[in-house]
Amino acid sequence: MFTFLLICTLTSLLPLGHASLPLVINTWPFKNATAAAWSALQSGGSVLDAVERGCARCEMEQCDGSVGYGGSPDESGETTLDALIMNGDTMEVGAVADLRRIKNAIGVARAVMEHTEHTLLVGESASVFAENMGFIAEDLTTNKSVNIFSEWLKGSCQPNYRKNVSPDPSKSCGPYRPKATWKQSKRARHANIHAHDTIGMIALDRDGHVAAGTSTNGLTHKVPGRVGDSPIVGAGAYVDSLAGGAAATGDGDVMMRFLPSYLAVELMRAGVDPSAACKSAISRIKRHYSEFFGAIICANTTGHYGAACNKIPGLTKFHFMVANSETNTPVLKSVDCF
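Residues numbered from 1 in each chain as written. Predicted model: local features only at pLDDT ≥ 70, side-chain atom pairs only at ≥ 80, totals over all residues. Heavy atoms only, no water.

Naming follows an unreviewed UniProt entry, where the chain appears as N(4)-(Beta-N-acetylglucosaminyl)-L-asparaginase of Oreochromis niloticus. Listed in UniProt under the heading Catalytic activity (unreviewed entry), the comment for the chain reads: "N(4)-(beta-N-acetyl-D-glucosaminyl)-L-asparagine + H2O = N-acetyl-beta-D-glucosaminylamine + L-aspartate + H(+)". The record in UniProt for the chain states the following under Sequence similarities (unreviewed entry): "Belongs to the Ntn-hydrolase family." (UniProt positions renumbered as here; feature names shortened; annotations may be inferred.)

See below:
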């Protein structure tokens, strides 16, 4: 009898939620990406395989026009890509930024992790690396991206992300030069919820392995060379198999200043539940930028998950996808922004 009671007592002390593993969770209603990642796990693939395949699916499907080729042209009309992948067991990271000519950005990021001692490669050099690794060079421009760029030029290059320059960036295209004198000011951000809908994905398997990845074509009409939060470890995503994972989406220029994914994972390491960890990460940014556009997803090692978003006009509810052993298929979830 004593043995039976002891077993029951010990069982009651075990962490809950393992029945929900494996788990795939990603930002936005990108269902096919979730399905690709879930299929990879179910067929015996690793969590890295799952994240890579899920993000790659979004790259090929040009999810919402904000991931993959043919979207978000910069000031020169060019589409460039950013991506990151992280291994929560080894803490290895591979990332690329300002990648040209290569459609499979998440694949190149994984190649950086597995075939170099580096973490992040950028620009033309990243593209040359990708070609040397066997990735096919292709034009990332499409008729859609050309049209977006043309209409932007016709509209006097509005919106843009210049400040303290001449000619007046709110009325004119460049080339721009620094103003001789200017006052320090915080220019209003353009909260276009379709301008930077990064896919961020976290995958956990039954054995406690965790990985995360991101992929995006960045901010529409960005200054050439601009890199946001997506390929920055701790900002776009962060994982540790001893704590969990997080991935962010939104205004990367603002969000990367606060490393929200890293903060959320460290909070979960301290025992904070995923929903609360997500909310705390958003609150940290909100104290300084109350009207920023952004959201974050979080998952701990037991398979519990959560999300949070900053409430602004046009974003009162944040949608994300989940697949786990309970659903066995991608399911759309949502959370009210605050």
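Moving on, there is more to tell.
Asker: Teacher, can you tell me more about helix α8 (residues 260-269) here?
Answerer: Within the span of α8, buried status applies to Pro260, Ser261, Leu263, Ala264, Val265 and Met268. Of the surrounding elements, those touching the buried residues of α8 are β9 (237-240), β10 (244-250), α7 (252-255), α9 (274-286) and β11 (294-300). (Buried < 20%, exposed > 50% of the residue type's maximum accessible area, 1.4 Å probe, protein only. Helix = DSSP H or I, 4+ residues; strand = E, 2+ residues; numbered from the N terminus. Contact = heavy atoms within 4.5 Å.)

Asker: Whenever I open this one, the pairing of strand β12 (residues 305-309) confuses me. Can you help?
Answerer: Along any regular strand the residues' side chains alternate between the sheet's two faces. With 4 of 5 residues buried, β12 is to be regarded as a mostly interior element. Sheet topology places β11 next to β12; 5 bridges connect them, and they run antiparallel. Within β12, the position partnered with Ala299 by the bridge is Tyr305. (Pairing = 2+ DSSP bridges.)

Asker: Please explain the UniProt feature "binding site: substrate" (unreviewed entry) in the chain as it appears in this structure.
Answerer: The sites that carry the UniProt feature "binding site: substrate" (unreviewed entry) are, in the present numbering, Arg226, Val227, Gly228, Asp229, Thr249, Gly250, Asp251 and Gly252. Assessed through its relative accessible area of 13%, Arg226 is described here as buried. Among residues more than four places away in sequence, those in contact with Arg226 are Gly218, Leu219, Gly252 and Asp253. Within the secondary structure, Gly228 sits in the loop between β8 (210-216) and β9. Judged by relative accessible area, which is 3%, Gly228 ranks as buried.

Asker: Looking at this structure, I do not really get the packing of helix α2 (residues 31-42) against helix α3 (residues 47-61). What am I missing?
Answerer: Describing two packed helices takes the angle between their axes plus the distance from one axis to the other. With their axes 7 Å apart at the nearest point, α2 and α3 run at an angle of 150 degrees to one another. By the criterion of interaxial angle, the relationship of α2 to α3 is roughly antiparallel. In the packing of α2 onto α3, the handedness of the crossing is right-handed. Contacts between α2 and α3 involve Asn32, Ala33, Ala36, Ala37, Ala40 and Leu41 from the former and Val47, Asp49, Ala50, Arg53, Gly54, Arg57, Cys58 and Glu61 from the latter. (Axes fitted to C-alpha atoms, helices over the stretch in contact; angles between N-to-C directions. Parallel < 35°, antiparallel > 145°, perpendicular 65-115°, else oblique. Left-handed = near helix turned anticlockwise from the far one by under 90°.)

Asker: What should I look at first to understand the state of the cysteines in this one?
Answerer: Chemically, a disulfide is nothing more than a covalent bond linking the sulfur atoms of two cysteines. The full count for this structure, using the stated rule, is 4 disulfides. Between the sulfur of Cys58 and that of Cys63 lies a disulfide, 2.1 Å long from S to S. Between Cys58 and Cys63, the S-S dihedral sits near -100 degrees, and the bridge is therefore left-handed. Overall, Cys58 belongs to the buried group, its relative accessible area being 0%. The disulfide that involves Cys157 links it to Cys173, with 1.9 Å between the sulfurs. Taking the torsion about the sulfur-sulfur bond, which here is approximately 95 degrees, the covalent link between Cys157 and Cys173 counts as right-handed. On the criterion of sequence distance, the pair formed by Cys157 in the loop between α6 (143-154) and β5 (165-166) and Cys173 in the loop between β5 and β6 (177-178) is long-range, its members being 16 residues apart. On the accessibility criterion, Cys157 (3% relative accessible area) is buried. (Disulfide = S-S within 2.5 Å.)

Asker: Just checking my understanding: could you explain the sheet that holds strand β14 (residues 331-336) for this structure?
Answerer: Working definition: the strands of a sheet are paired by backbone hydrogen bonds and lie parallel or antiparallel to each other. Sheet architecture is open: 8 strands sit in the order β4-β3-β2-β8-β7-β1-β13-β14, paired in mixed fashion. On the outer flanks of this sheet lie β4 (120-122) and β14, each paired with one strand and no other. Ignoring strand direction, the axes of neighbouring strands in this sheet form an average angle of 15 degrees. Where strand β7 (residues 199-204) lies against β8, 6 bridges are found, and the strand directions are antiparallel. From the neighbouring strand, Met201 faces β8, where its bridge partner is Gly213.

Asker: Mind showing me how you'd approach the sheet that holds β9 here?
Answerer: The 4 strands lie next to each other as β9-β10-β11-β12, forming an open sheet whose pairing is antiparallel. Edge positions in the sheet fall to β9 and β12, since each has one partner strand and no second. Strand-to-strand twist in this sheet, taken as the mean axis angle between neighbours without regard to direction, amounts to 10 degrees. Contacting β9, β10 and β11, α8 runs over the sheet at an angle of about 150 degrees to β10.

Asker: Explanation requested: the UniProt feature "active site" (unreviewed entry) in the chain in the structure shown.
Answerer: In this numbering, the UniProt entry assigns the feature "active site" (unreviewed entry) to Thr198. Relative to the elements of secondary structure, Thr198 occurs in the loop between β6 and β7. If we skip the residues at most four places from it in the chain, Thr198 touches Thr27, Trp28, Phe30, Ser66, Val67, Thr214, Ser215, Thr216, Ser230, Ala248 and Thr249.

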